[in-house]
Amino acid sequence: MRALLHQHEGAESGWSAWSLEYLGFSTWAPSREGVLQKTPGKLGEYLQWLAGHRPVIDQAYSSDVVIIIEEVRGDEPLFCDDLSAATPEEISYCIELLQYTRKDLLGTVQALPDGAIDWISPNRVFPHWVWWRTIRLILKHIALTELGNYLPWVTRPIITPEYPTDVGWCRQLHMSRRETVRCLEELKSSDDRTRLVKGDEEWSLRKVLRRLVWHERVHWKSIKRIAREYASLGSGS
């Protein structure tokens, strides 16, 4: 696997590894050594997930070898790969993967009992800035992040990320994703498919594509962990 390493700074210190081949794949660990040890196994999990939705043509990767292509450091840096223009095919593939992540997310959440949606695990430790501490709030966070954080770096969504308080999580997710897909479809025909932004944070369209897929997958896995813990406690109390 050809890996891109990111050493995080600030509130989310640690190391993450991204893949050049598999859009949205990433894993995190507190140390550089730790993330390199985790990466092959986590890539195997990613390929199993992908194979559940579409044929995976190339699963021939070594379980022991991770080739480090680049290392970056900072809060929101870019990899060299992020500096290239996204192709229309890459944008279409991102939309396809987002269909898979949304199908998995809704399939998990819609099967949960009502009590699980607003349950706060007593065993989870949250950073002070994390407000998404229940499944309901995680779902809102997913919707808000697409429209309020990722897309504004590369385009201007028509609808704002501020939803009325009477809109439920399912409607929030639907509104956000509909607008996300509309924006991505428009970007496919844009003359500028790099959309480079540099400053305190560095962004580009290719970075947004990988982050969109990664974000929903990572929170879907978190929701599954919460649901398993809730079920193990019976009533969740």
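Residues numbered from 1 in each chain as written. Predicted model: local features only at pLDDT ≥ 70, side-chain atom pairs only at ≥ 80, totals over all residues. Heavy atoms only, no water.

### Regarding the packing of helix 4 (residues 135–150) against helix 5 (residues 169–188)
Phase 1: As a packed pair, helix 4 and helix 5 sit with axes 9 Å apart at the nearest point and diverge in direction by 20°. Judged on the interaxial angle alone, helix 5 and helix 4 are roughly parallel. Between helix 4 and helix 5 the crossing geometry is left-handed. Residues R136, L139, K140, I142, A143, E146 and L147 of helix 4 form the contact with helix 5, whose participating residues are W169, Q172, L173, S176, R177, E179 and T180.
Phase 2: Taken together, the residues that form the contact of helix 4 with helix 5 break down as six nonpolar, three polar and five charged. (Axes fitted to C-alpha atoms, helices over the stretch in contact; angles between N-to-C directions. Helix = DSSP H or I, 4+ residues; strand = E, 2+ residues; numbered from the N terminus. Parallel < 35°, antiparallel > 145°, perpendicular 65-115°, else oblique. Left-handed = near helix turned anticlockwise from the far one by under 90°. Contact = heavy atoms within 4.5 Å. Nonpolar A, V, L, I, M, F, W, Y, C, P; charged D, E, K, R; others polar.)

### Looking at the nonpolar core
Phase 1: Counting residues in each nonpolar core, the largest one holds 49 residues, and the members touching the most others are Y46 and L184.
Phase 2: Of all the secondary-structure elements, those providing two or more residues to this core are helix 1 (32–51), helix 2 (88–109), helix 3 (114–117), helix 4, helix 5 and helix 6 (205–232).
Phase 3: Setting aside anything within four residues of it in sequence, one finds Y46 in contact with Y22, L23, G24, F25, L97 and R217.
Phase 4: One finds L5, W15, A17 and V35 within the second-largest nonpolar core, a separate group that totals five residues. (Core = buried A, V, L, I, M, F, W, Y, C linked by side-chain atoms within 4.5 Å. Buried < 20%, exposed > 50% of the residue type's maximum accessible area, 1.4 Å probe, protein only.)

### Side note on the pattern of salt bridges
Phase 1: Here the structure, examined in full by the defined rule, presents 18 salt bridges.
Phase 2: Notably, a salt bridge pairs D192 with R195, separated by 3.8 Å at the nearest N-O pair.
Phase 3: Judged by its relative accessible area of 36%, D192 is partly exposed.
Phase 4: Relative accessible area serves as the criterion here: at 22%, R195 is assigned to the partly exposed category.
Phase 5: The structure contains a network of salt bridges with shared partners spanning R102, E146, R177 and E216. (Salt bridge = Lys/Arg side-chain N within 4 Å of Asp/Glu carboxyl O.)

### Digging into a nonpolar patch on the surface
Phase 1: Residues V65, I67 and I69 make up a contiguous nonpolar surface patch of roughly 250 Å² in combined accessible area.
Phase 2: Assignment of secondary structure puts V65 in the loop between helix 1 and strand 4 (67–74). (Patch = residues over 30% accessible without salt bridge, like charges linked within 9 Å, V, L, I, M, F, W, Y side chains within 5 Å. Areas by Shrake-Rupley, 256 points an atom, 1.4 Å probe, with all protein chains shown as cover.)

### Here's the deal with the state of the cysteines
Phase 1: Applying the stated criterion to the full structure yields zero disulfides.
Phase 2: C183 takes part in no disulfide bond, and the closest cysteine sulfur to it belongs to C94, at a distance of 12 Å. (Disulfide = S-S within 2.5 Å.)

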